[in-house]
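# Chain and residue survey
Listed below are the residues making up each chain.
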Amino acid sequence: MQGFKGRFVKGSEPESVYWRRRAIVAGAVLAVVLASVLGLSALGGGDEEDPGVEADAAQQEWTAPTPSSSAQRPYIPEPSDSPSPSPTAAPVAACPAEELMLQVVAAFDEVRSGAEVPVSVLVASAAEAPCTVDLRSVAVELAAGSDVVYSTAHCGTPEGEEVELSDGAGRTVEFTVDGLASEEDCEGARRELPAGDYELRARLGEAASSPAALRLT
């Protein structure tokens, strides 16, 4: 009995079988530990994205085109036909002499011989259709009886322009009558007109105004 207490009884199996069983148990325990560690790692890394997934998402993100990149632009076709030219308006005819109305007004009806007198001439048309008139052709003349002793057309430089008259509207031309005798083309010496009564009238071609009285003293 004393010899039995001094030894550990392993049973009837050999010692090699005992150690092999211990190795199997230790391996099983190690496998359980590794499985637990891997499970915890999987749970802790659930928020991390796969690099491959990140690359796919980056490829799908929209990026603004660079100036060198080609872009689709709307196509605007050029007009095939040139626009038709607007019709040219027919030229306006000159006012007939019989349709013209002239009125002459002097600033004074009596003035000293040789003094300057401002004179206004109103030109209007009685024609129904618009017509043109050249105001540079208007002249003021001074007559003693049937003799024209002075005219702005003799020595003066015509002023004005060609205008269109319509609807009874008129245009005014201003003159200065100097009261000195004149001849056509401004020939001869200009002298003071003798005192007396004269007729002042405006003329445009064949059209003439009614005379206005002007007395020189």
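Above: the structure in question.
Presented here is a report on the structure given in the accompanying data block. (Residues numbered from 1 in each chain as written. Predicted model: local features only at pLDDT ≥ 70, side-chain atom pairs only at ≥ 80, totals over all residues. Heavy atoms only, no water.)

## Considering the sheet that holds strand S8 (residues 170-177)
- Pairing in this open sheet of 3 strands is antiparallel, and the strands run S1-S3-S8 from one edge to the other. If you trace the sheet from one side to the other, it starts and ends with strand S1 (100-106) and S8, each paired once. Between one strand axis and the next, the sheet turns by 20° as a mean value, whatever way the strands run.
- In this sheet, S8 lies alongside strand S3 (residues 117-125) in antiparallel orientation, the contact comprising 8 bridges. Bridged to Ser120 within S8 is Glu174. (Pairing = 2+ DSSP bridges. Helix = DSSP H or I, 4+ residues; strand = E, 2+ residues; numbered from the N terminus. Axes fitted to C-alpha atoms, helices over the stretch in contact; angles between N-to-C directions.)

## Brief notes about the environment of Pro211
- Its place among the elements puts Pro211 in the loop between strand S10 (207-208) and strand S11 (212-216).
- Of the residues examined, Pro211 reaches a relative accessible area of 46% and is grouped as partly exposed.
- The spacing of Pro211 and Tyr198 is 13 residues in sequence and 9.3 Å in space, taken between C-alpha atoms.
- For Pro211, the residues in contact, after removing those within four places along its chain, are Glu199, Leu200 and Arg201. (Buried < 20%, exposed > 50% of the residue type's maximum accessible area, 1.4 Å probe, protein only. Contact = heavy atoms within 4.5 Å.)

## Here we look at the side chain of His154
- Considering the arrangement of structural elements, one finds His154 in helix H4 (residues 152-155).
- In this view, His154 contacts Ser182, Glu183, Glu184, Asp185 and Cys186; residues no more than four positions away in its chain are not counted.

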